[in-house]
Amino acid sequence: MRKVFTFLLLLPIYFYRNCISPFTPPSCRFTPTCSQYAVEAIKKHGPIKGLYLAIRRLLRCHPWGGSGYDPVP
């Protein structure tokens, strides 16, 4: 069941990375990018905690937020 939820959460991220992201300029302030961070977090921590970490990271990614290297814990 966990693999099904993980797959369902990764589908929109892969869609964004392959279909939307190539048409927008690179603007992520962090390394790895927010989408790569989300994929790593969901794969490493599972769908619930991984989604929580990804959302928390997206909320920090704004002009007044931090920047730099921010790996998945």
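Residues numbered from 1 in each chain as written. Predicted model: local features only at pLDDT ≥ 70, side-chain atom pairs only at ≥ 80, totals over all residues. Heavy atoms only, no water.

As named in an unreviewed UniProt entry, the protein is Putative membrane protein insertion efficiency factor, taken from Phocaeicola faecium. Regarding the protein, the relevant UniProt record gives this comment under Function (unreviewed entry): "Could be involved in insertion of integral membrane proteins into the membrane." In its Subcellular location (unreviewed entry) section, the UniProt entry covering the protein states "Cell membrane". (UniProt positions renumbered as here; feature names shortened; annotations may be inferred.)

To continue, consider the packing of helix H2 (residues 34-45) against helix H3 (residues 47-60). In the contact formed by H2 and H3, the axes pass within 7 Å of each other and the chain directions differ by 160°. The pairing of H2 with H3 is recorded here as roughly antiparallel in orientation. By crossing handedness, the relation of H2 to H3 is classed as right-handed. Note on element contacts: H3 touches H2 through Pro47, Lys49, Gly50, Leu51, Leu53, Ala54, Arg57 and Leu58, opposite Cys34, Tyr37, Ala38, Ala41, Ile42 and His45. Among the residues making up the contact of H2 with H3, the classes are represented as 10 nonpolar, 2 polar and 2 charged. (Axes fitted to C-alpha atoms, helices over the stretch in contact; angles between N-to-C directions. Helix = DSSP H or I, 4+ residues; strand = E, 2+ residues; numbered from the N terminus. Parallel < 35°, antiparallel > 145°, perpendicular 65-115°, else oblique. Left-handed = near helix turned anticlockwise from the far one by under 90°. Contact = heavy atoms within 4.5 Å. Nonpolar A, V, L, I, M, F, W, Y, C, P; charged D, E, K, R; others polar.)

On the surface, a nonpolar cluster with roughly 640 Å² of combined accessible area is contributed by Met1, Val4, Phe5, Phe7, Leu8 and Leu11. Mapping Phe7 onto the fold places it in helix H1 (residues 2-20). What makes Phe7 exposed here is its relative accessible area of 51%. (Patch = residues over 30% accessible without salt bridge, like charges linked within 9 Å, V, L, I, M, F, W, Y side chains within 5 Å. Areas by Shrake-Rupley, 256 points an atom, 1.4 Å probe, with all protein chains shown as cover. Salt bridge = Lys/Arg side-chain N within 4 Å of Asp/Glu carboxyl O. Buried < 20%, exposed > 50% of the residue type's maximum accessible area, 1.4 Å probe, protein only.)

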